[in-house]
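Observations on the model geometry
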Amino acid sequence: MPDSPTTSVQRTGALLQQGAASLVLREAFFRVRRFDDFQRRLGLSRSVLARTLKALVEEGILQRRQYQTRPDRYEYRLTEAGRELYPVFLAMKAWGDRWLGTDGPRITLRHTVCGSVSTPQMTCDACGRPVHAREMTYEIA
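In this report, we go over the structure that sits alongside the text. Since the model is a prediction, treat every value here as computed from it, not as a measurement.

Checked against the element boundaries, E75 lands in strand β2 (residues 73–78). Its relative accessible area of 10% is what places E75 among the buried residues. For E75, the residues in contact, after removing those within four places along its chain, are R33, R34, Q63, R64, R65 and Y67.

In the sheet, strand β1 (residues 62–68) pairs with β2 via 6 bridges, with the strands oriented antiparallel. The partner of Q66 across the bridge, within β2, is Y74. If you look at the hairpin formed by β1 and β2, you'll find 4 residues sitting between the two strands, and R70 has a positive phi there, around 55°.

What follows is about the nonpolar core. Of all hydrophobic cores here, the largest spans 24 residues; its most connected members are V24, L25, F38, L49, L53, L56 and L62. For this core, the element with the most residues is helix α2 (residues 21–29), which contributes 5 residues. Excluding its chain neighbours within four sequence positions, the residues that come into contact with L49 are V24, F35, F38, Q39 and L44.

Applying the stated criterion to the full structure yields 8 salt bridges. A salt bridge links R46 to D36; its shortest N-O distance comes to 3.6 Å. Taken as a pair, R46 in helix α4 (residues 46–58) and D36 in helix α3 (residues 35–42) lie far apart in primary sequence, 10 residues in all. Classification of D36 as partly exposed rests on a relative accessible area of 41%. The structure contains a network of salt bridges with shared partners spanning R26, E27 and R41.

What follows covers the packing of aromatic side chains. Taken as a whole and judged by the stated rule, the model has 4 aromatic pairs. Where F29 meets Y86, the ring centres are 5.1 Å apart and the plane angle is 70°; that geometry is what we call edge-to-face. One end of the pair, F29, is in helix α2; the other, Y86, is in helix α6 (residues 86–99), with 57 residues separating them in the sequence. Relative to F89, the ring of F29 has its centre 5.5 Å away and its plane inclined at 50°; by these criteria the two rings are tilted. Pair noted here: F29 is in helix α2 and F89 is in helix α6, with a separation of 60 residues, a long-range link. Looking at F29, the relative accessible area reads 12%, which means it is buried. Following the ring pairs from residue to residue traces out a cluster consisting of F29, F30, Y86 and F89. Seen from the ring of Y67, R34 lies directly overhead, with NZ or CZ sitting 3.7 Å from the centre. The lysine or arginine in question, R64, covers the ring of Y74, its NZ or CZ lying 3.5 Å from the ring centre.

Analysis parameters
Every residue gets a number counted from 1 within its own chain, in the order that chain's sequence is written. In keeping with the model being predicted, local features are shown solely for residues with a pLDDT of at least 70 and side-chain atom pairs are shown and tallied solely at 80 or more, while totals for entire chains, interfaces and linings include all residues. Only hydrogens and water are removed before side-chain values are computed, so all heavy atoms of the structure are retained for them. Put simply, DSSP H or I for four residues or longer makes a helix, DSSP E for two residues or longer makes a strand, and each gets a number counted from the N terminus. For the exposure calls, accessible area comes from a 1.4 Å probe over protein chains only, and a residue counts as buried if that area is under 20% of its type's maximum, exposed if over 50%, partly exposed in between. Whether two residues are in contact is decided by their heavy atoms: any pair within 4.5 Å suffices. Between any two strands, at least two bridges found by DSSP are needed for them to pair. Buried Ala, Val, Leu, Ile, Met, Phe, Trp, Tyr and Cys residues that are joined via side-chain atoms within 4.5 Å together make up what is termed a nonpolar core. Salt bridges, as used here, are contacts in which a Lys or Arg side-chain nitrogen is within 4 Å of a carboxyl oxygen on Asp or Glu. Pairing of aromatic side chains requires ring centres within 6.5 Å, counting the rings of Phe and Tyr and the six-membered ring of Trp. Pairs whose planes differ by under 30 degrees are stacked, by over 60 edge-to-face, and all others tilted. For a lysine, the NZ atom is tested; for an arginine, the CZ atom; a charge sits over a ring if that atom is within 6 Å of the ring centre and within 35 degrees of the ring normal.

See below:
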């Protein structure tokens, strides 16, 4: 059987599996920016965290910015591409909450614009209705 082409879904999955990428991104979505803060919140070794941050910068997901000299210190901010991964995080959270149980702490999301606890959902950009797999088809171009 010939190899099938690698899809964008496969490439995105591979990106999120690099090191501790999904953990780092989760914290970055909630405005964690500095190495020591990532390490304290995630409990990762310095080498794993450094490799993960470097890979996310190389992929264009995070941008490394210097915020101090002597000693040089950097923060990591989401790029536009990184911010656009947020719906992926939301989908993984929703699926995990429903199908993997609640062994650990449950994350509650609050919409800062209106102040309400929120369960965001994906909607069709044309009609505004929620999107479900059984109502979608795809075409390969």
